[in-house]
Structure formats: structure tokens, C-alpha cells
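Letter by letter, the chains look like this.
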Amino acid sequence: MTTPRKRRANGEESRRKIIDAATEIAGERGYEGTSISLVSERSGLPASSIYWHFADKDALIAAVIRDSFDRWRSLMSVELDRDDATDPQTRLTASMRQNGRAVIEAPDFLRLGLMLTLERRPKEPVARTLFLGIREEARAAAQASYQRIFGDALTESDTATLALMAMAATDGLFIAREVDGDALDMDVAFELIGVALSAVAEHLRARNTLRPRRRPPRPKN
């Protein structure tokens, strides 16, 4: 007799196989080229098993994006929370280098998400909505990290700007690597982005110190 624990383990193993197969196919063929029949063939599981876990292809691709993002986030968490380096540029540069490594290790959420984001459809895929949501998670986490790194030297608006610039640079370098392949050294490229962002942060800090403070309004008689 199969125990509930055994059935649950079998279900989790099947789900893992399905997501892994869908990740491989989506990486090769993109959203449109991925199909339930191909995932069935690659995973060795019947289509009925796939539909038992996922309502349709869109839900499956959403799961692929979430799974890849979770792996990226786990790789980034060490750098986002590190406190051993006190120099802001060192911490920011290390964070960006780790970001580059994490993107290489878990690229699928970014590859699929960017493709879906650039498309416009009458009915938006659930996967696209999910990607935009987790992108906001990543932006908020980066901004919180920069606020910890720079403290009162930067305003909330400044750290928001840094976070958006870091995401834009990540998008650009990822696309460049997809086009140019190994011609682009991602470790070096992300380190340079970290140095550039540090210079931007210093510019913002200096601007804040030079900006005249507004006098409080005089009380009315």
C-alpha cells in the first residue's frame, strides 16, 4: 500500500521533472516553442501528469520563471545581506559581481520574462504578470540593500535610482551575452557596473550635501 508520504514524494519528483524539462525546452525554443507534448516527451511523463500539476502551458512557464527566480534570489542573498565589508564601493561591486554569477546560474526567469515583457497580447500570459511581480521584488530587495550600504548618505529616491540602474545594466549585459556569447566576460562586466554605480552614488551623495536646505515656513500672525 502506498503511503501518503510516498505519494507526496512521487508527486514532488514528477513536478520537478516537469519543471526541469520545461526549463530546458523554453531555454531552447522560447515561450511559443514550448508545448505540453514536448515537455511530456522530454520528462518521460504523460501529458495527463503534467496537467495534474499545471492547468496549462502558461501556468507551467510561470512555474519555470518562479523556480529560476528563486534560485537567483538564493544565490544573491549572501551578498545582499553581507556586513563584513564597510566600504560602500567594495560592497556594491561585490553585490554586482554576484548578480552576474547568479544570472549565469539561473538565467531562465530573465530570458523568458524579458521576451514576454516585450510582447503585447490581447490577453496577457500569467507568466508575464508573474515576472513583472518578481521583478518588483528584486528591485525592492536591491533598493533595501543599497539603503543599508549607504545609510543616510543617500535618500530613498537615490537608492531607488540605483536599483533601477542596476536592473537596466543587468538586462543589457544579459542580452549582450545572449548575442555575443563568451566574448563578454560577465564577471569583469558586472564588476565595472558596480564601480560605475558607486560613482553614481558618490555623485548623488555630493549633490545632497550641496543642495540648500529649505527653511521652514514662517508662522502666520
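Residues numbered from 1 in each chain as written. Predicted model: local features only at pLDDT ≥ 70, side-chain atom pairs only at ≥ 80, totals over all residues. Heavy atoms only, no water.

Asks: Would you mind going over the pattern of salt bridges with me for this structure?
Replies: Opposite charge on two side chains makes pairing possible when the charged atoms of those side chains draw close. In this structure the tally under the stated criterion is 19 salt bridges. Put simply, Asp 70 and Arg 66 hold a salt bridge, and the shortest N to O gap is 3.4 Å. Of the two residues, Asp 70 and Arg 66 are both situated in helix α4 (residues 57-81); the distance of 4 residues between them amounts to about one turn of the helix. Residue Asp 70 is classed as partly exposed on the basis of its relative accessible area, which comes to 31%. In this structure Arg 66 comes out as partly exposed when scored by relative accessible area, which is 25%. The closest approach of N and O atoms between Arg 207 and Asp 158, which form a salt bridge, is 3.7 Å. Of this pair, Arg 207 sits in helix α9 (residues 186-210) while Asp 158 is found in helix α8 (residues 156-180), placing the two residues 49 residues apart along the sequence. Using a relative accessible area of 3% as the deciding quantity, one classes Asp 158 as buried. Shared partners join several salt bridges into a network, and the residues in it are Arg 16, Asp 20, Asp 67, Arg 71, Asp 108, Arg 111 and Glu 178. (Salt bridge = Lys/Arg side-chain N within 4 Å of Asp/Glu carboxyl O. Helix = DSSP H or I, 4+ residues; strand = E, 2+ residues; numbered from the N terminus. Buried < 20%, exposed > 50% of the residue type's maximum accessible area, 1.4 Å probe, protein only.)

Asks: Explain the nonpolar core here, please?
Replies: The tendency in soluble globular proteins is for nonpolar side chains to be buried as a group. Of all hydrophobic cores here, the largest spans 34 residues; its most connected members are Val 39, Leu 60, Ile 65, Trp 72 and Phe 109. Only α1 (4-33), α2 (36-43), α4, α5 (88-105), α6 (108-118) and α7 (126-150) provide two or more residues apiece to this core. The greatest single-element share of this core, amounting to 9 residues, is contributed by α4. The contacts of Val 39, once residues within four sequence positions are left out, are Ile 18, Ala 21, Ala 22, Ile 25, Thr 34, Ile 50 and Leu 60. Of all hydrophobic cores here, the second largest spans 17 residues; its members include Leu 162, Ala 166, Phe 190 and Leu 204. (Core = buried A, V, L, I, M, F, W, Y, C linked by side-chain atoms within 4.5 Å. Contact = heavy atoms within 4.5 Å.)

Asks: In this structure, what is going on with the packing of aromatic side chains? I would like to understand it.
Replies: How two aromatic rings sit relative to each other is given by the distance of their centres and the angle of their planes. The tally for this structure, following the rule as stated, stands at 3 aromatic pairs. Between Phe 69 and Phe 109 the ring centres are 5.5 Å apart and the planes differ by 70°, which places this aromatic pair in the edge-to-face class. With Phe 69 in helix α4 and Phe 109 in helix α6, the pair connects residues that are 40 residues apart, well separated along the chain. Judged by its relative accessible area of 1%, Phe 69 is buried. Note on Trp 72 and Phe 109: the rings are 5.8 Å apart at their centroids and 50° apart in plane angle, and the pair reads as tilted. Taken together, the positions of Trp 72 in helix α4 and Phe 109 in helix α6 put the pair 37 residues apart, joining distant regions of the chain. Residue classification places Trp 72 among the buried positions, given a relative accessible area of 11%. (Phe/Tyr/Trp six-rings, centres within 6.5 Å; stacked < 30°, edge-to-face > 60°.)

Asks: What's the story with the side chain of Thr 23 in this structure? I'm lost.
Replies: Position of Thr 23 among the secondary structure elements: in helix α1. For Thr 23, a relative accessible area of 14% translates into the label buried. Polar side-chain contacts of Thr 23 include one of 2.7 Å to the backbone oxygen of Ile 19. Setting aside its immediate chain neighbours within four residues, Thr 23 contacts Val 64 and Asp 108. (Polar contact = N/O pair within 3.5 Å; in protein donor to acceptor, adjacent residues only side chain to side chain.)

Asks: I'm lost on α8 in this one. Help?
Replies: Every α-helical turn comprises 3.6 residues, leaving residues that sit three or four positions apart pointing alike. For α8, which comprises 25 residues, the first-to-last C-alpha distance of 36 Å matches the rise-based estimate of 36 Å (1.5 Å per residue) to within 8%. Residues of α8 that are buried: Asp 158, Thr 159, Leu 162, Ala 163, Ala 166, Met 167, Ala 169, Thr 170, Asp 171, Leu 173 and Phe 174. Buried residues belonging to α8 abut α5, α6, α7 and α9. One or two positions beyond α8, positive phi appears at Gly 181, with a value near 65°. (Expected span 1.5 Å × (residues − 1).)

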